[in-house]
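# A closer look at the structure
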Amino acid sequence: MHRSAHLDTFARDHLPPQDQWPEMHFDLPELQFPERMNCAHELLDRWVAEGHGDRPCVIGGDGRGGEIRWSYADLQAQANRIAQVLVHEMGVVPGNRVLLRGANTPQMAACWFAVIKAGAIAVATMPLLRAKELGQIIDKAQVTHALCDAALADELETARAQHPVLYRVCLFRSQAADGLEALAERQSPHFENVDTAADDCALIAFTSGTTGQPKGTMHFHQDVIAICRCWPRSCLKATADDVFIGSPPLAFTFGLGGLLLFPLSVGATAVLLEKASPEALLPAIARYRASVCFTAPTSYRAMAAMLAQPGASVDLSSLRKCVSAGEALPAATRQQWKDATGIEMLDGIGATEMLHIFISHTEASARPGATGVAVPGYRARVVDDEGRELPRGSVGKLAVQGPTGCRYLDDERQRHYVKDGWNLTGDAYLVDADGYFVYQARTDDMIISGGYNIAGPEVESALMAHPAVAECAVIGVPDEERGQLVKAFVVLKPGHEGDAALVKAMQDFVKATVAPYKYPRAIEFRASLPRTETGKLQRFRLKESA
Ligand code: 3UK
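Residues numbered from 1 in each chain as written. Predicted model: local features only at pLDDT ≥ 70, side-chain atom pairs only at ≥ 80, totals over all residues. Heavy atoms only, no water.

Another point: the overall build of the protein. Per the secondary structure count, the protein includes 17 helices and 26 strands. For the protein, long-range pairs separated by at least 24 residues make up 68% of all intrachain contacts whose partners lie at least 6 apart in sequence. When the accessible area of the protein is evaluated, it comes to approximately 21200 Å², of which 49% is carbon and sulfur surface. Charged side chains in the protein number 54 positive and 65 negative. The centres of these two groups are separated by 2 Å. (Helix = DSSP H or I, 4+ residues; strand = E, 2+ residues; numbered from the N terminus. Contact = heavy atoms within 4.5 Å. Areas by Shrake-Rupley, 256 points an atom, 1.4 Å probe, with all protein chains shown as cover. Lys, Arg positive; Asp, Glu negative; His and termini not counted. Charge placed at Lys NZ, Arg CZ, Asp CG, Glu CD.)

Direction vectors running N to C along helix α15 (residues 456-464) and helix α16 (residues 500-513) enclose 115°, while the axes themselves pass 9 Å from each other. On the basis of their axis angle, the class for α15 and α16 is roughly perpendicular. The way α15 lies across α16 gives a crossing that is right-handed. Contact residues: α15 offers V459, A462 and L463, while α16 offers M506, F509, V510 and T513. (Axes fitted to C-alpha atoms, helices over the stretch in contact; angles between N-to-C directions. Parallel < 35°, antiparallel > 145°, perpendicular 65-115°, else oblique. Left-handed = near helix turned anticlockwise from the far one by under 90°.)

Here we come to the packing of helix α11 (residues 278-287) against helix α12 (residues 297-308). Between α11 and α12, the shortest axis-to-axis distance is 9 Å and the interhelical angle comes to 70°. Here α12 runs roughly perpendicular to α11, going by the angle between their axes. As α11 packs across α12, the resulting crossing turns out to be right-handed. From α11, P278, E279, L281 and L282 reach across to α12, where they touch S299, A302, M303, M306 and L307. Here the contact of α11 with α12 is built from residues that sort into 7 nonpolar, 1 polar and 1 charged. (Nonpolar A, V, L, I, M, F, W, Y, C, P; charged D, E, K, R; others polar.)

What follows is about the sheet that holds strand β13 (residues 346-347). One open sheet holds the 7 strands; their spatial order is β2-β1-β10-β9-β11-β12-β13, and the pairing between them is mixed. Edge positions in the open sheet fall to β2 (67-71) and β13, since each of these has one partner strand only. Pairing analysis gives 3 bridges linking strand β9 (residues 243-246) to strand β11 (residues 292-295), with the strands arranged parallel. Bridge assignment links G246 to a residue of β11, and that residue is F294. On the sheet, α11 packs against β2, β9 and β11 and is oriented at approximately 170° with respect to β9. (Pairing = 2+ DSSP bridges.)

Before going further, it helps to examine helix α10 (residues 253-265). The end-to-end C-alpha distance of α10 is 15 Å, clearly below the 18 Å that 13 residues give at a rise of 1.5 Å each. With respect to burial, α10 is a largely interior element, 13 of its 13 residues being buried. G267 lies just past α10 and shows a positive phi near 75°. (Expected span 1.5 Å × (residues − 1). Buried < 20%, exposed > 50% of the residue type's maximum accessible area, 1.4 Å probe, protein only.)

What follows is about the sheet that holds strand β14 (residues 349-350). Spatial ordering of the open sheet is given by β14-β15-β16, a layout of 3 strands whose pairing is antiparallel. If you trace the sheet from one side to the other, it starts and ends with β14 and β16 (373-374), each paired once. When β14 meets strand β15 (residues 357-360), the two strands line up antiparallel, connected through 2 bridges. Pairing of I349 across the sheet is with I359, part of β15.

Okay, the packing of aromatic side chains next. For the coordinates displayed, the defined rule picks out 15 aromatic pairs. Where Y408 meets Y417, the ring centres are 5.9 Å apart and the plane angle is 80°; that geometry is what we call edge-to-face. Neither Y408 nor Y417 differs from the other in exposure class; each is buried. Here a set of aromatic residues connected by ring pairs shows up, and it is made of W231, F244, F252, F254, F262 and F294. Residue placement shows R407 over the ring face of W21; its charged tip is 4.9 Å from the ring centre. The lysine or arginine in question, R407, covers the ring of F220, its NZ or CZ lying 3.7 Å from the ring centre. (Phe/Tyr/Trp six-rings, centres within 6.5 Å; stacked < 30°, edge-to-face > 60°. Lys NZ or Arg CZ within 6 Å of the ring centre and 35° of its normal.)

Counting buried residues along strand β4 (residues 121-125), 5 of its 5 residues qualify, which places the element largely inside the surrounding structure. Here β4 shows two buried faces, one formed by I121, V123 and T125 and the other by A122 and A124. Handedness of the β-α-β unit built from strand β3 (residues 97-101), helix α4 (residues 106-117) and β4 comes out right-handed. (Right-handed = clockwise from strand over helix to strand, strands pointing away.)

Here we come to the domain arrangement of the protein. What the domain assignment lists for the protein is domain 1 (38-195) and domain 2 (446-545). Centre-to-centre, using C-alpha coordinates, domain 1 lies 43 Å away from domain 2. (Domains from an automatic or database assignment.)

What follows deals with the side chain of D199. Relative to the elements of secondary structure, D199 occurs in the loop between α7 (180-185) and β7 (201-206). Polar side-chain contacts of D199 include one of 3.1 Å to the backbone nitrogen of H2. Not counting the four nearest positions on each side in its chain, D199 is found in contact with M1, H2, R12, F220 and Q222. (Polar contact = N/O pair within 3.5 Å; in protein donor to acceptor, adjacent residues only side chain to side chain.)

One can find D139 in helix α5 (residues 131-141). A residue is classified by how much of its surface remains accessible, and D139, at 42% relative accessible area, is partly exposed. Residues D139 and S365, 226 residues apart in the sequence, show an inter-C-alpha distance of 45 Å.

Set out below in structure tokens:
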């Protein structure tokens, strides 16, 4: 490891032992990193230094009903002022963990860069987290400082009262005399970035995991740049003229990459929406003439349904690339979106542990129902329980390696995610005859019924193509006779009645498209399905209720 710039050595002290790290690969010429790098330079300062400071950088709300439009030079100046506040007013030293809490806004982006520039470690948190969950994160990452949107201060204050390690909180988008804006205004817009090592920790991202103690994943300055040089270059192919928009929070690495790092890495513009429900996202694409959209499959389904309403008129002529991640993209959803917009979506599987997407495709090589192939820079395979590569067509565990990988902060679960140098994502996959990776299920969500292995998402994909289905989820519920029974929870499109005749019609529909033994023997109609803030279905909650 290189000489660290961190005075607070907590992060390095709590990395997993080297023999538990995944094997890393830096096979591409663009993955040769210098010893010293601060990723804020590459993403932000460089553009200003090269004369592009006037180009539009971030757009979003100012918290008072108005709009912020910052150029690269504006974002740089704002980040520099905040970095001065961190260092001179809040006492941040390199290596400290700084918690960030806020919706997606330009000011949140400025705070993220300020933390990075100051050589501290960004710990971004989901806006919906409550005091208890914030407390777990503060404890685990030993967070000492926080920058928090004034609108979300209450839960953080409650958490701080119970976790005194967090001793300094500064509120942004606040009118207070000691608010971040007031403090920043008094500072110089110039800041000398801390000269971090390429392998100094830049961020700790907590997994959007559904149960138990949150896991913190540690990512270095070079990891941030590595993800910008892999998937965006080989699959997304965006340019400086693109306008990025989407829904995932910046605290979710899908959102951090898609809505901040990737646009800035090519000198493009990022629209940061505080509210990005499908109802809000669709008109925002038109309003900002966005060209690249990042969101989850459920959101594309809802937007496609809105576009299919009689009389719907939204000008999506600016849109050219649509990225789906977080959950498997059913073939029916890909088709629905193509019918509505003419756009072939880009699906990609990423993970917080890997920082971003590692299996994906281009528009031209999209294959309905498959995630794609390993992104150049990464390698992927399907293995059995002993880690042996399986032949094509066999379902096994997805294993990946690349320039990024899993390093849990002080966590025994490192041994489960990384085995024999491979990252095991917890997903069951198969490789088809043409080498495409086809998602099956989370490994612990495979349904075993009457001796058959059934992947819930495959049944969901089949059901999703039924004209009455808006959303659905398929799980295994305990059954005396079969061990588990395939059960579907279905949200109907408006105008459909969930009666016995429809249950029968849906069962027949599934039997006609997949092997009949997979059909849902039980179907329950629901008004909505439980989802995380990142659009992931919470199967465990359906299992609990079943
Ligand atoms: C699932 C997918 C099928 C899969 C993420 C893009 O989702 C992200 O990170 P998380 O840590 O969850 C990881 C798990 O989510 N998944 C994600 N994408 C897909 N399954 N097809 C997909 N396209 O189970 C994976 O192991 O929340 C996604 C970029 C950054 C991310 N952090």
